[in-house]
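Structural features, examined
Okay, here's what each chain looks like letter by letter:
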Amino acid sequence: MSADHLRTRSDGGRPVEYPPLPEGLAVGVYDNHTHLEIADGALPLSVHEHLERAASVGVIGAVQVGTDVATSRRSAEAAAREPRLLAAVALHPNEAPELEAAGALDDALAVIDELAAQPRVRAVGETGLDWYRTGEDGRPAQFRAFEAHIDIAKRHDVAMQIHDRDAHDDVVATLRRVGAPERTVFHCFSGGDELARLAASEGWYLSFAGNVTFKNAENLRDALRVAPRDRILVETDAPYLTPAPLRGRPNAPYLVPHTVRFMAEVLGADLDELCADLASNTRRVYGSWEDEARAGE
C-alpha cells in the first residue's frame, strides 16, 4: 500500500502528533485489526513506517482490514508484498444499504469472494451488523451482506472478523442460525461479561482494542476478566480508539503495548505470559505470517 493509497480519516483528521514510542514488549504480539490506509495526524505515516515502529516495540505483525471493495483490494495487495501484514477483506455493514440501493451489492460481494481466495487474505471482515448508523430500512441489506460474508469465510476456510455495534442479539442469532465460521472474532469487542461468556461457549474469539482502557468501559474489563485466555486477542482499530492516556491523538499498531499492559493489569497476569497467549491465539486464528499457508492447512 503505497503513499498514494492513503486516504484521509473520515472525520477529516486532526493536526496532532503521533504519540512517542512506548516501552517495548519482550514477547512479540500481533495487531489483529488495523486500517493503515487511513491517514491521520499532522504527519501521516506510511505503511512501512507504521510497521517499522511497531516492530521496534514488539508488535511483530498486523492484519490490515478492508471495509469496501477499494480498501479490500489494497489490503490484499499490501499483504501480498509485505511479510508483516496479512489481510482481511469485506464490505463494512454500513456500506451494504448504499450498495443495495445502487444495485451493486452482488457485484461487490463477488469481488470480496474473489479476494478471499488469495493466500495472504486470512479473514473476511469487517462484517456484521451496525444498528447505530443504520435505520430500519437499511437492515435487510445488512443482514443479506452479513450472511453472504459468512458463506464466503466458510467456503474459503478463513477467519471472520465481526463488526457488532448495538446489535449483539441479532449478530449472535444470525451466527447461530447460519452457522459461524470455525474461527470467528468479535472485533473491537463491545459487550459485557454476559456476551463474553456466550461467545466463549460457542468457541468465538474476543478482540480487545484501546477502548478497554477508557474510564467508562468497565463492561469491557468485566468481559476481559471472564473470557478464557485462549480466546482473547488484541487490536488497535487504528487510527481510532487510541488507548488512555493518549486519547485524542492518532492510534497506530506501535501503541499496542499500552493496551496489552493494561490488559495484564486487569487480569493480574504476567505480561510476558499474556503476550505469549495473545500471539498463540492470533496465529491459531489467522495462521503464520511467515509463509503462504492458511490457518488450518
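Calculation criteria
- Residues numbered from 1 in each chain as written.
- Predicted model: local features only at pLDDT ≥ 70, side-chain atom pairs only at ≥ 80, totals over all residues.
- Heavy atoms only, no water.
- Pairing = 2+ DSSP bridges.
- Helix = DSSP H or I, 4+ residues; strand = E, 2+ residues; numbered from the N terminus.
- Axes fitted to C-alpha atoms, helices over the stretch in contact; angles between N-to-C directions.
- Contact = heavy atoms within 4.5 Å.
- Phe/Tyr/Trp six-rings, centres within 6.5 Å; stacked < 30°, edge-to-face > 60°.
- Buried < 20%, exposed > 50% of the residue type's maximum accessible area, 1.4 Å probe, protein only.
- Lys NZ or Arg CZ within 6 Å of the ring centre and 35° of its normal.
- Polar contact = N/O pair within 3.5 Å; in protein donor to acceptor, adjacent residues only side chain to side chain.

**Remarks on the sheet that holds strand β9 (residues 205–208)**
Pairing between sheet strands relies on hydrogen bonds along the backbone, with the strands arranged either parallel or antiparallel. Strand order in this open sheet of eight strands is β2-β4-β5-β6-β7-β8-β9-β10, and the pairing throughout is parallel. The open sheet is flanked by β2 (29–34) and β10 (232–234), the only strands paired with a single partner. For this sheet, the mean angle separating the axes of adjacent strands, direction not counted, is 30 degrees. Looking at chain direction, strand β8 (residues 184–186) and β9 are connected through two bridges and run parallel. Bridged to V185 within β9 is Y205. Sitting on the sheet, helix α9 (residues 256–267) is in contact with β2, β4 (59–65), β9 and β10, with an inclination near 145 degrees to β10.

**Looking at the packing of aromatic side chains**
Scanning all chains against the criterion turns up six aromatic pairs. Taking 5.8 Å as the distance between ring centres and 55 degrees as the angle between the ring planes, the aromatic pair formed by F189 and F208 counts as tilted. Taken together, the positions of F189 in the loop between β8 and α7 (193–202) and F208 in strand β9 put the pair 19 residues apart, joining distant regions of the chain. The pair formed by F189 and F208 is uniform in burial state, with each residue classed as buried. Clustering of aromatic rings is evident, with ring pairs tying together F186, F189, W204 and F208. Sitting over the face of the ring of Y132, R165 holds its NZ or CZ atom 3.6 Å from the ring centroid. The side chain of R247 reaches across the aromatic face of F214, ending 3.5 Å from its centre.

**Here's the deal with the side chain of T242**
For T242, the position within the fold is in the loop between β10 and α9. Of the residues examined, T242 reaches a relative accessible area of 4% and is grouped as buried. Here the side chain of T242 touches R249 through a polar contact of 2.6 Å, landing on its backbone oxygen. Among the polar contacts made by the side chain of T242, one reaches the main-chain amide nitrogen of N251 at a distance of 3.2 Å. Not counting residues up to four positions away in its chain, the partners in contact with T242 are F214, R247, R249, P250, N251 and L255.

**A short note on the environment of A199**
Relative to the helices and strands, A199 is located in helix α7. Along the chain, A199 and V172 lie 27 residues apart, while their C-alpha atoms are 8.5 Å from each other. What A199 contacts, discounting residues up to four positions off in sequence, is W204 and L206.

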